[in-house]
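Coordinates in review
One-letter residues, chain by chain:
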Amino acid sequence: MITLYDNPFSPFARKVRLGLRVKDVPFASVDALALDELARLRAVSPRAEVPVLDDDGVVVVGSADILAYLDDRFPTPPLLPATPALRARARAWQRLADTLLDAILHDMSLWFWPTHHRDDAPPTALIEAAQHDLQALLRQLDATLARDAGAFVCGAEVSIADLALFPHVSSLKPAGVSLDPYPTVQRWDRAMRALPAVREDLSHVKRSLVEKFRQGPSPYEGEKVVWRGDRIEWLLARGFAGWFWEEIAAGRAAFPEPG
Ligand SMILES: N[C@@H](CCC(=O)N[C@@H](CS)C(=O)NCC(=O)O)C(=O)O
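This structure is a prediction, so every number in the text was calculated from the model and none was measured.

1. Structural notes on the sheet that holds strand S2 (residues 28-31)
Taken together, the four strands give an open sheet; going across it, the order is S2-S1-S3-S4, and neighbouring strands pair in mixed fashion. Each edge of the sheet is formed by a strand with only one pairing partner; in this case those strands are S2 and strand S4 (58-61). Within this sheet the neighbouring strands show an average axis-to-axis angle of 20 degrees, counted without direction. Of the strand pairs in this sheet, strand S1 (residues 2-6) and S2 are connected by four bridges, and their pairing is parallel. Paired with Asp6 across the strands is Asp31, a residue of S2. The sheet strands contacting helix H3 (residues 63-73) are strand S3 (52-55) and S4, and the helix crosses S4 at an angle near 140 degrees.

Written out as structure tokens, the structure is:
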């Protein structure tokens, strides 16, 4: 029996859910970032981050490791392409999605995701820097997709690259970034949205928005933001160290337990 320590809005948990659905693997999902499930999450992962996968006692932490585990455990269909060059490309895009794309979207979205309770305004320059960096990434993705005829990032089949990218790309519209200037990314987005696994993911997110936020208090920590590596790096690299120290001084920042 597989249990996924999950969260409907986490791009990393969504990536793993997509992988499980593509492989048609049944699983039970726990919304592990809900405050009343956090103790259970900490018991399997001291950093208290989702996703974590528990396959009958085999515990795997982190979305990239989980997808690699799923490929070993359920080889069909594979989530890595066949050739070494395309495998390298798939891993590179997964890394870019997990590090840079996630960091930019996370840092700019604190003011419009319902999971956070903020009544201040974002620094204007932060939103501008984020939109600028997102456009650069989209140009790069457009060029990669335009190079080959396949519908997906590494050819005709879905790979870890597509699964890692899609949850972020599907959050660009609320971040004020349109796909209109990137016709090849738009074509890829349409191909992704036609997959049953993606349709299920999008309707899960939509349903969860209603369930978690429209009825009673939010089930999540909303006052403090949990900060880690790449998300802090992007802030510092773009000149927002001062803003970040103010967040720490105001008691609005938290950090994962090392371990
Ligand atoms: N490198 C990890 C990152 C996981 C991660 O950052 N998860 C976030 C949600 S997107 C989390 O659980 N944060 C803890 C929290 O928000 O309390 C992975 O690939 O799975």
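2. Things to note about the packing of helix H4 (residues 84-109) against helix H6 (residues 160-169)
For the pair H4 and H6, the least separation of the axes is 7 Å and the interaxial angle reads 15 degrees. The pairing of H4 with H6 is recorded here as roughly parallel in orientation. As for how H4 packs across H6, the hand of that crossing is left-handed. Residues Arg89, Ala90, Trp93, Gln94, Ala97, Asp98, Leu101, Asp102 and Leu105 of H4 lie in contact with H6, whose contacting residues are Ile160, Ala161, Ala164, Leu165 and His168. Taken together, the residues of the contact of H4 with H6 break down into nine nonpolar, two polar and three charged.

3. Observations concerning the site of the ligand
Neighbouring residues of the ligand: Ser10, Pro11, Phe12, Leu33, Glu49, Val50, Pro51, Gly62, Ser63, Ala64, Asp98 and Val226. When contributions to the shell around the ligand are tallied by element, the ones reaching two or more residues are helix H1 (11-22) and H3. Considered class by class, the residues forming the shell around the ligand number seven nonpolar, three polar and two charged.

4. Observations regarding the packing of H1 against H6
Between H1 and H6, the shortest axis-to-axis distance is 8 Å and the interhelical angle comes to 130 degrees. On the basis of their axis angle, the class for H1 and H6 is oblique. The interaxial crossing formed by H1 with H6 has right-handed handedness. Here H1 contributes Pro11, Arg14, Lys15, Leu18 and Gly19 to the contact with H6, which in turn contributes Leu163, Ala164, Phe166, Pro167 and His168.

5. Section: helix H10 (residues 241-249)
Taken across its nine residues, H10 has zero buried, putting it largely on the surface. Positive phi appears at Gly251, one or two residues downstream of H10, with a value of about 75 degrees.

6. Re the nonpolar core
Counting residues in hydrophobic clusters, the biggest one holds 54 residues, and the most contacted among them are Val16, Val50, Ile104, Val153, Ala161, Leu163 and Leu165. Per element, the largest residue contribution to this core is eight residues, and it comes from H4. Composition of this core by domain shows at least three residues from each of domain 1 (2-73) and domain 2 (84-213). Here Val50 is in contact with Tyr5, Asp6, Asn7, Ser10, Phe12, Ala13, Ala32, Leu33 and Leu41, once residues within four sequence places are set aside.

7. What about the domain arrangement of the protein?
Domains assigned within the protein are domain 1 (2-73), domain 2 (84-213) and domain 3 (225-254). Centre-to-centre separation of domain 2 and domain 3, based on C-alpha positions: 22 Å. Among the secondary structure elements, those contributing two or more residues to the side of domain 2 that touches domain 3 are H4 and helix H5 (124-147). Considering each element in turn, the side of domain 2 that touches domain 3 owes the most residues, six residues, to H4. Here the side of domain 2 that touches domain 3 is composed, by residue class, of six nonpolar, three polar and two charged.

8. So, the environment of Leu100
Take Leu100: it is sitting in helix H4. For Leu100, a count of 18 C-beta atoms within 10 Å puts it in the partly exposed group. The spatial distance from the C-alpha of Leu100 to the C-alpha of Arg231 is 8.0 Å, given a sequence separation of 131 residues.

Cut-off values and rules
Residues numbered from 1 in each chain as written. Predicted model: local features only at pLDDT ≥ 70, side-chain atom pairs only at ≥ 80, totals over all residues. Pairing = 2+ DSSP bridges. Helix = DSSP H or I, 4+ residues; strand = E, 2+ residues; numbered from the N terminus. Axes fitted to C-alpha atoms, helices over the stretch in contact; angles between N-to-C directions. Contact = placed C-beta atoms within 7 Å. Parallel < 35°, antiparallel > 145°, perpendicular 65-115°, else oblique. Left-handed = near helix turned anticlockwise from the far one by under 90°. Nonpolar A, V, L, I, M, F, W, Y, C, P; charged D, E, K, R; others polar. Near = placed C-beta within 6 Å. Buried ≥ 20, exposed ≤ 12 C-beta atoms within 10 Å, placed from the backbone. Core = buried A, V, L, I, M, F, W, Y, C linked by C-beta atoms within 7 Å. Domains from an automatic or database assignment.

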